[in-house]
Amino acid sequence: MKIAAYNVENLFDLKYNGTEYNEYIPNTIWKWNKKAYRAKLKNIAKVIVDINPDIIALTEIESDIALKDLQKEISRQGLYFRYRAIANKKQTSVKNAILSKYPLRKKEIYISHSRGTRNILEAKISIHGKALFIFVNHWKAKSGPESKRILYAKALKKRLDTLPSGSNYLLMGDFNAHYEEHKTFLKKRKHNDTKGITGINHILKTIDTNGELYTQDTLTKEGNYNLWMELPKEQRWSHIYKGQKEALDHIIISPALLNDTTSHYIQGSFQSVKASYLFTKNGKKLYRWQRSRSRPLHHTAKGYSDHLPISAQFYLH
């Protein structure tokens, strides 16, 4: 089974409900219209079809309307997801979602009443009678300090602590945190308002007592394993900001999924999907969803996303 995660960069529908970013209010000077919407759906669907996952976690989906339209476009291109879910109990501009070939039951993890916080989507998927829990995250952007991201980490950890011992689970999505955030943010006063404590590393326990990322050999039953550790250091990225490559998107797995005698992660299968069409012609920048450079600014109906998808394969029985 292949499981993927993708921040699709603002897939908004064409229904106005007042929570849209200004540039995605339908049929304004920004030209977020039927033509742009259809192009966005077609392009994102192409990426997903090329990955060919059995389950995909999605971030930055405005509504179930947009998710359903994406599901239909993916079907038109030859890949079929029978099931979908979106964390839509809270009115936020964009939300977390999932498409799956397997039946699922959905819950949402509430973070706070703050307008900008997005609920974490929990999907319980039954495969041959065994449960796989998938948690789709989109944490506070780095425009805010680490304390904002710790809110998400604590809410997620609280839920993980209620799962039966030895559960199979995946923590996925855009955490807006590097896999070694505890090292990279230390000198950034804007981010480090938590005395060096990070959500992704300390709260979710992806590092050992020496402050090093868990490897397959060092992982304990109290920790979680970040699949970026499967790749050479120079390949550990899914996003580029001001020329800096960083890993903001993650697939973090439970200790149980490193057990190769039952359901488990398939060694060497994790990847950051780097199809050539996801980059600009010189290959140095991501070919994100495009806006015109001349005024009035508007959508050009070209491009994909400012994030790369990531995927991994699992043997589940």
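Residues numbered from 1 in each chain as written. Predicted model: local features only at pLDDT ≥ 70, side-chain atom pairs only at ≥ 80, totals over all residues. Heavy atoms only, no water.

Moving on: the overall build of the chain. In terms of helices and strands, the chain carries 5 helices and 15 strands. Here the C-alpha radius of gyration of the chain, 19 Å, is about what a compact globule of 317 residues would show, namely 20 Å. Along the longest, intermediate and shortest principal axes, the C-alpha atoms of the chain span 55 × 50 × 40 Å. If you take every contact in the chain between residues at least 6 apart in sequence, the share linking residues at least 24 apart comes to 66%. Put simply, the chain shows about 14,800 Å² of open surface, and 49% of that area lies on carbon and sulfur atoms. Separation between the mean location of the 54 positive side-chain charges and that of the 29 negative ones in the chain comes to 5 Å. (Helix = DSSP H or I, 4+ residues; strand = E, 2+ residues; numbered from the N terminus. Rg over C-alpha atoms; globule rule 2.2 N^0.38 Å. Contact = heavy atoms within 4.5 Å. Areas by Shrake-Rupley, 256 points an atom, 1.4 Å probe, with all protein chains shown as cover. Lys, Arg positive; Asp, Glu negative; His and termini not counted. Charge placed at Lys NZ, Arg CZ, Asp CG, Glu CD.)

A separate point is helix α3 (residues 146-160). The end-to-end C-alpha distance of α3 is 21 Å, a good match for the 21 Å that 15 residues give at a rise of 1.5 Å each. Along α3, the residues classified as buried are E146, R149, I150, Y152, A153, A155, L156, K157, R159 and L160. Where the residues of α3 are buried, they touch β5 (104-109), β6 (120-127), β7 (130-138), β8 (168-174), α4 (181-184) and α5 (199-203). (Expected span 1.5 Å × (residues − 1). Buried < 20%, exposed > 50% of the residue type's maximum accessible area, 1.4 Å probe, protein only.)

An order of β5-β6-β7-β8-β12-β9 is seen for the 6 strands of this open sheet, with the pairing classed as mixed. Edge positions in the sheet fall to β5 and β9 (225-226), since each of these pairs with one other strand and no more. With 6 bridges connecting them, β5 and β6 associate as antiparallel partners. In the strand pairing of β6, K107 is matched with E122. Sitting on the sheet, α3 is in contact with β5, β6, β7 and β8, with an inclination near 170° to β7. (Pairing = 2+ DSSP bridges. Axes fitted to C-alpha atoms, helices over the stretch in contact; angles between N-to-C directions.)

Glancing now at the packing of aromatic side chains. Going through the model one piece at a time under the given rule, you end up with 12 aromatic pairs. Centroid distance W32 to W289: 6.2 Å. Interplanar angle 80°. Geometry classified as edge-to-face. Residue W32 is located in the loop between β1 (2-11) and α1 (34-51), and its partner W289 is located in the loop between β14 (271-272) and β15 (310-315); the two are separated by 257 residues in the primary sequence. One exposure class covers both W32 and W289, and it is buried. Considering the side-chain rings of W237 and F279, the 6.2 Å spacing of their centres and the 75° angle between planes classify their relative orientation as edge-to-face. With W237 in the loop between β9 and β10 (239-241) and F279 in the loop between β14 and β15, this pair connects stretches of sequence that are 42 residues apart. We classify W237 as buried; its relative accessible area is 6%. Pairwise contacts between aromatic rings join F12, Y21, Y24, W32, Y37 and W289 into one cluster. The cationic tip of K46 hangs over the ring face of Y277; the distance from NZ or CZ to the ring centre is 4.5 Å. Directly above the aromatic system of W237 lies the positively charged group of K274, at a separation of 4.8 Å from the ring centroid. (Phe/Tyr/Trp six-rings, centres within 6.5 Å; stacked < 30°, edge-to-face > 60°. Lys NZ or Arg CZ within 6 Å of the ring centre and 35° of its normal.)

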